[in-house]
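# Structure at a glance
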Amino acid sequence: MTLNQIPSRLHGRSQRLLRLSRLSLFGCVFNLALGLALADTPEQRITHHATHLAVEACGTCHGAQGVSQLPKIPNLAGQDADYLSAQLKAFRNQTRGDPDAIGYMWGMAAALDDETIAALASHYATHTPSAGRVSHSSALPMGRRLYQEGLPDQGVPACSACHGLDAHGLAGFPRLAGQHAQYLLKQLRSFQNNMRDVAVMHGVTQGLKRAEMESVAAYLESLP
Ligand code: HEC
Ligand code: HEC
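Below or above, wherever it landed, is the structure these notes cover. (Residues numbered from 1 in each chain as written. Chains lettered and ligands numbered in written order. Predicted model: local features only at pLDDT ≥ 70, side-chain atom pairs only at ≥ 80, totals over all residues. Heavy atoms only, no water.)

## Here's the deal with the overall build of the protein
Secondary structure assignment for the protein yields ten helices and zero strands. The linear arrangement of helices and strands in the protein, starting from the amino end, is α-α-α-α-α-α-α-α-α-α. Out of the 224 residues belonging to the protein, those deemed buried represent 38%. Taking the intrachain contacts of the protein between residues at least 6 apart in sequence as the baseline, contacts between residues at least 24 apart amount to 64%. (Helix = DSSP H or I, 4+ residues; strand = E, 2+ residues; numbered from the N terminus. Buried < 20%, exposed > 50% of the residue type's maximum accessible area, 1.4 Å probe, protein only. Contact = heavy atoms within 4.5 Å.)

Below, the structure written as structure tokens:
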């Protein structure tokens, strides 16, 4: 290559760059027009935002589909939507306060507004719940009796009266079926010692011994 060929090669390259930048300008305008044509309604934007949050942020702990792999982190899939909303507000308001709630969920819920909370709750409520898991089969008969009939001598009511015969939850009362036993046991102890301060569940758990809580938690985890 001679010295005077260099400028013409450079010229050719800058022409190509110009063509490329015109193309990408056209691309931007085209995408903008397409974006405006397909613009979401406000409701759709909140739903998309909630789905994105659920998978990218919440999913790292609760599982992308709301079924968690860690026994101390609750499954959310198939949970009652009103219950989920109430819990997210309780974390945001810092009223659900045992150490794990404080450590994991107060920060996560702090910036959620009511609309995003409602969209997250209906997102999880419509997912397929965990199928249940038998981990402690010798405890199941005691757990079943306690759940379905309570322990009248110890002043413990039947859990099924509020959580449903199949433990699938009822209007605002949470689903317990298929939930991790370790998580359930921790909640029962937190209700009993008022770290999770809910009068009705504090009353229910007053007469329960540790082994009884373990048996009902194992029974609930085994249910589909
Ligand atoms: C770093 C892990 C982590 C992340 C991320 C996380 N969570 Fe949690 N979440 C937890 C733990 C741990 C608990 C159980 C707290 C306890 O034991 O009281 C929990 C509890 C909950 C509960 C209560 C469930 C029940 O059955 O009462 C809801 C609802 C919830 N999280 C929703 C969410 C949502 C929505 C997000 C995303 C915005 C999220 N979490 C992000 C760890 C996490
Ligand atoms: C009188 C109604 C009632 C009865 C009976 C009852 N519960 Fe509950 N339970 C509730 C309510 C209401 C909540 C939601 C509390 C809240 O808002 O935080 C709850 C919450 C729970 C939770 C927390 C679920 C979660 O995802 O964090 C567990 C575990 C639980 N109950 C277990 C039991 C067991 C086991 C029994 C029987 C020994 C029982 N409950 C009996 C009303 C009841």
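Structure's up, so let's keep going.
## A closer look at the packing of helix H3 (residues 81-92) against helix H5 (residues 114-125)
Contact geometry for H3 and H5: axes closest at 8 Å, N-to-C directions at 140°. Relative to H5, the element H3 lies oblique. At the point where H3 passes H5, the crossing takes the right-handed sense. Along the contact surface, H3 presents Ala81, Leu84, Ser85, Leu88, Lys89 and Arg92, while H5 presents Asp114, Ile117, Ala118, Leu120, Ala121, Tyr124 and Ala125. Residue classes in the contact of H3 with H5 are distributed as nine nonpolar, one polar and three charged. (Axes fitted to C-alpha atoms, helices over the stretch in contact; angles between N-to-C directions. Parallel < 35°, antiparallel > 145°, perpendicular 65-115°, else oblique. Left-handed = near helix turned anticlockwise from the far one by under 90°. Nonpolar A, V, L, I, M, F, W, Y, C, P; charged D, E, K, R; others polar.)

## Examining the coordination of the iron atom of ligand 2
When a metal holds four donors in a tetrahedron, each ideal angle between them is 109.5 degrees; when it holds six in an octahedron, the ideal angles are 90 or 180 degrees. Distances from the iron atom of ligand 2 to its protein donors, His163 (NE2) and Met201 (SD), fall at 2.1 to 2.3 Å. Its relative accessible area of 10% is what places His163 among the buried residues. (Donors = N, O, S within 2.8 Å, 3.2 Å for Na, K, Ca; no water.)

## As for the nonpolar core
Of all hydrophobic cores here, the largest spans 26 residues; its most connected members are Tyr147, Ala167, Val216 and Leu220. Leu220 has contacts with Tyr147, Ala167, Leu176, Ala177, Gly178, Gln179 and Leu184, leaving out every residue within four places of it along the chain. Ranked by size, the runner-up nonpolar core spans 18 residues in total, among them Ala101, Trp106, Ala109 and Leu120. (Core = buried A, V, L, I, M, F, W, Y, C linked by side-chain atoms within 4.5 Å.)

## Some thoughts on the site of ligand 2
Neighbouring ligand 2 are 22 residues, the closest being Cys159, Cys162, His163, Tyr183 and Met201. In this structure, a nitrogen atom belonging to ligand 2 sits 2.8 Å away from a side-chain N or O atom of His163. Counting residues per element, the shell around ligand 2 draws most heavily on helix H8 (residues 181-192), which supplies five residues. Among the residues making up the shell around ligand 2, the classes are represented as 18 nonpolar, three polar and one charged. (Near = heavy atom within 4 Å. Polar contact = N/O pair within 3.5 Å; in protein donor to acceptor, adjacent residues only side chain to side chain.)

## Let's talk about the pattern of salt bridges
Under the criterion given, the structure shown has seven salt bridges. For Arg92, the salt bridge is made with Asp114, and the minimal N-O distance between the two is 2.8 Å. In this pair, Arg92 sits in helix H3 while Asp114 sits in helix H5, placing the two residues 22 residues apart along the sequence. With relative accessibility at 24%, the residue Arg92 sits in the partly exposed group. Note that Asp98 is salt-bridged to Lys186, the shortest N-O span being 3.5 Å. (Salt bridge = Lys/Arg side-chain N within 4 Å of Asp/Glu carboxyl O.)

## A look at the side chain of His163
Inspection of the secondary structure assignment puts His163 in helix H7 (residues 160-163). Contact partners of His163, with chain neighbours within four places excluded, come to Tyr147, His168, Gly169, Leu170, Phe173, Pro174, Leu176 and Met201.

## Concerning the environment of Met105
If you trace the backbone, Met105 turns up in helix H4 (residues 99-110). Between the alpha carbons of Met105 and Ala90 there is a distance of 9.8 Å; along the sequence they are 15 residues apart. Apart from residues no more than four positions distant in its own chain, Met105 is found in contact with His62, Leu88, Phe91 and Asp100.

## Looking at H3
The end-to-end C-alpha distance of H3, which contains twelve residues, comes to 17 Å, matching closely the 16 Å that a straight helix rising 1.5 Å per residue would cover. The complete set of buried residues in H3 reads Tyr83, Leu84, Ser85, Gln87, Leu88, Ala90 and Phe91. Packed against the buried residues of H3 are H4 and H5. N-cap assignment for H3: the residue whose side-chain oxygen lies 3.1 Å from the backbone N of Asp82 is Asp80. Positive phi appears at Gln94, one or two residues downstream of H3, with a value of about 60°. (Expected span 1.5 Å × (residues − 1).)

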